[in-house]
Amino acid sequence: MATRVETENGKSHQTADQREIAELKDVAEAAMCGFRQYAKARPEVVALWCVGIGFVLGWKLRP
């Protein structure tokens, strides 16, 4: 959660950085929601991508 900054008249507001973080959080949540919907519709495609990415990472990161 974004913290709020108190002004001299007692009102609070978010700084620009906090607004950007909140916007980024909203975008990330929307992307994950879309990914979950896609995964529910096409689980076999998501599973094959996960296996493929795991294979490549395991192959490239092997000591």
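Just so we're clear, the structure is a prediction, and the values are computed from it rather than from any experiment.

## Comments concerning the overall build of the chain
Turning to step 1, where the next piece is worked out: When you go through the chain residue by residue, the secondary structure sums to two helices and two strands.
Turning to step 2, where the next piece is worked out: Reading the chain from its N end, one meets helices and strands in the order β-β-α-α.
Turning to step 3, where the next piece is worked out: In the form shown here, the chain has an accessible surface area of approximately 5,900 Å², with 65% of it arising from carbon and sulfur atoms.

## Observations regarding the packing of helix H1 (residues 16-41) against helix H2 (residues 43-60)
Turning to step 1, where the next piece is worked out: For the pair H1 and H2, the least separation of the axes is 5 Å and the interaxial angle reads 110 degrees. Overall, the two elements H1 and H2 adopt an arrangement that is roughly perpendicular. Residues Phe35, Tyr38, Ala39, Lys40 and Ala41 of H1 pack against Pro43, Val45 and Val46 of H2.

Rules behind the numbers
Residues numbered from 1 in each chain as written. Predicted model: local features only at pLDDT ≥ 70, side-chain atom pairs only at ≥ 80, totals over all residues. Heavy atoms only, no water. Helix = DSSP H or I, 4+ residues; strand = E, 2+ residues; numbered from the N terminus. Areas by Shrake-Rupley, 256 points an atom, 1.4 Å probe, with all protein chains shown as cover. Axes fitted to C-alpha atoms, helices over the stretch in contact; angles between N-to-C directions. Parallel < 35°, antiparallel > 145°, perpendicular 65-115°, else oblique. Contact = heavy atoms within 4.5 Å.

Scope: geometric values only; no functional claims are made or implied.
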